[in-house]
Amino acid sequence: MKTLQLEFYKIKRRKVFLTMFAMLSVQFLWGLWELRNPKDWELESGWRALLYSLSLLDGIMMPSVMSVLASRLADIEHKGNTYKQLETLRSAGSLYHAKAICGCIIIALMFAAQFAFFILLGYQLGYVGHPDIKYYLLSYALKLASNISLFFLQLALSMFFANQMIPLVAGLGGSMVALLLMFVTTYSFLPWGGSLSASLVMSEWNLDTRISTYYYRTFSPPELAAVICIFIWLIVFYVTGRILFTRREV
Amino acid sequence: MAETNLIETQNLTKQYGKVRCVNTLHMKVPEGAVYGFLGPNGAGKSTTLKMILGLAKPTEGSITLFGTKMNKKNRMKLLADTGSLIESPSYYGHLTGEENLHILQTLKGCSAKEIDEVLKIVRLYDARQRKVAHYSLGMKQRLGLAAALLGFPRLLILDEPTNGLDPAGIQEMRELICSLPSSYGITVVVSSHLLSEIDQMADHVGIIRKGELVYQNTLASLHSHAKQQIALRTDNPATTLLLLRQDGIEAEKESDYFLIPIMDDDYIACLCRRLIEHGISLYRVEKREKSLEDIFLSLTGKESSL
């Protein structure tokens, strides 16, 4: 617990929350611009459309956002050469664990802020009814799982490599992979396809009416396997990262 | 009473690939000592100290700290009573000196009051509110020492602590290190590649060369290895040599001097009288001593840097 508290103390003045907010603000700006002046049919399916759009936006942006977050958390240790001191006071495993939990808390807060903003925006725009709590909570949980798995991947890279360009490039590459996946499939077993697999809403574009219909997804067995895969990646990345970190020599 | 060793290594070995950086090291650091760990650059000093702190895993051998053999399970417990500064100071540049120490104080579980105390010891109290990124290298080094001193541990391991310090800072650091055993009961292991530095700080010394401990004892004992000779210079070397040989004295020629073994004052006086009686003018009679540098070089090899 002390080690975790210190993780937050260490990032004082590093503007980690501000960085995350700045990245989220891209989504906020998109929301303010794209969702303005909704038509009647858009108001009708607004809450479902919102979940769908957010999963697409997250899919593209979050691999990069997670790489920035992991890098911000790990970089302070590389810059100050602190591991050789910290590891005489705490085991490498517990240091890694504290860093991982710290990142998870920031991610949870970030997505809470994202949901809060878009739900308020939905009400402001006059979406019909209320957000479906069950689907929104499930979506939040799956969003956390898929992004935390990416964060663990990035954290492993950021903690292992002193040169932060390597994990940052990996994060950008992840965003590119996610973008490509969106053109070809609705689910994926790749870690960067997590947002896609975890999307609870699907859309159907009607060419004649030029109207999109949004509906809650019924998961087929391979789609369900892709969702389970998110949790497998999460465990694999955490365990692998921790093993790599604890086995290396300072 | 038998001397207690705070650190004992048995056959400590570290191998990277085919290179043995540290080779079957038997290091013994007695309690209350300032142990100078001396060796040329790349001799294996830092690797050894890292293994003692559990930062590097020994390929072979074991380490006993405070009388207990160190293993994965008891490592953190044993290290709780140590402080260290390895190679360069560790710090968070975006935090102030005081905040940096707060992190370590929390991890060490010692009193917050000690932060001010150690800052005063290393003369950083006035700069405690400044970000460490704005500190000079010397100040960072002193902050590193302050961090190591937090909790006033039984054992302090300092790897080249005077790196980056100016001459006044070096002197100050030396005085501080020398005072630690008497003032706070701290045993200090200090590594350096500079013999003069160890000579001024340590009372025990271990000399490492290519990963092997080639000497370990008190510094006084190392000094006693210094070879003493008498050097003579006269106006007539040929006759001088003849007379010395007649007296059964082995002499070796070194430029204008004859070097003869050390002998008591009466014998020297007698020898001088005899030379003068034979009409030889005596220019110089000097006592020569093999310096610590010479001993160090003979132990570590001439190619090593001092």
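Residues numbered from 1 in each chain as written. Chains lettered and ligands numbered in written order. Predicted model: local features only at pLDDT ≥ 70, side-chain atom pairs only at ≥ 80, totals over all residues.

## Digging into the overall build of chain B
Counting secondary structure elements, chain B contains 11 helices and 15 strands. For 306 residues, the compact-globule estimate of 2.2 N^0.38 gives 19 Å, and chain B exceeds it by more than 25% at 25 Å. Taking the principal axes of the C-alpha coordinates as reference, chain B spans close to 80 × 45 × 40 Å. A buried classification covers 40% of the 306 residues belonging to chain B. For chain B, the proportion of contacts with a sequence separation of at least 24, taken over those separated by at least 6, is 71%. (Helix = DSSP H or I, 4+ residues; strand = E, 2+ residues; numbered from the N terminus. Rg over C-alpha atoms; globule rule 2.2 N^0.38 Å. Buried ≥ 20, exposed ≤ 12 C-beta atoms within 10 Å, placed from the backbone. Contact = placed C-beta atoms within 7 Å.)

## Comments concerning the pairing of strand β1 (residues 201-206) of chain A
Residues in a regular strand point their side chains to alternate faces of the sheet. The pairing of β1 of chain A with strand β2 (residues 211-216) of chain A spans 6 bridges and is classified as antiparallel. Within β2 of chain A, the residue paired with S203 of chain A across the bridge is Y214 of chain A. (Pairing = 2+ DSSP bridges.)

## A look at the interface of chain A and chain B
Bring the parts together and some accessible area is lost; that lost area is often taken as the interface size. Taken together, the 21 residues of chain A in the interface contact 22 residues of chain B. Looking at the side of chain A that touches chain B, the elements that each hand over two or more residues are α1 (2-10), α4 (46-80) and α5 (83-86) of chain A. Per-element tally for the side of chain A that touches chain B: the top contributor is α1 of chain A, with 4 residues. Here the side of chain A that touches chain B is composed, by residue class, of 5 nonpolar, 6 polar and 10 charged. (Nonpolar A, V, L, I, M, F, W, Y, C, P; charged D, E, K, R; others polar.)

## Observations regarding the pairing of strand β5 (residues 60-65) of chain B
All names here are of chain B. Where strand β1 (residues 5-16) lies against β5, 5 bridges are found, and the strand directions are antiparallel. Its bridge partner lying in β5, I7 is registered against L65. Two elements, β5 and strand β6 (residues 68-69), share 2 bridges in a ladder whose sense is antiparallel. From the neighbouring strand, L65 faces β6, where its bridge partner is T68. The hairpin formed by β5 and β6 contains 2 residues between the paired strands, and F66 there has a positive phi angle of roughly 50°.

## A short note on the packing of α1 of chain A against helix α3 (residues 97-108) of chain B
Contact geometry of α1 of chain A with α3 of chain B gives a least axis separation of 10 Å together with a crossing angle of 175°. By the angle between their axes, α1 of chain A is roughly antiparallel relative to α3 of chain B. Contact residues: α1 of chain A offers K2, L6, Y9 and K10 of chain A, while α3 of chain B offers I103, T106 and L107 of chain B. A per-class count over the contact of α1 of chain A with α3 of chain B returns 4 nonpolar, 1 polar and 2 charged. (Axes fitted to C-alpha atoms, helices over the stretch in contact; angles between N-to-C directions. Parallel < 35°, antiparallel > 145°, perpendicular 65-115°, else oblique.)

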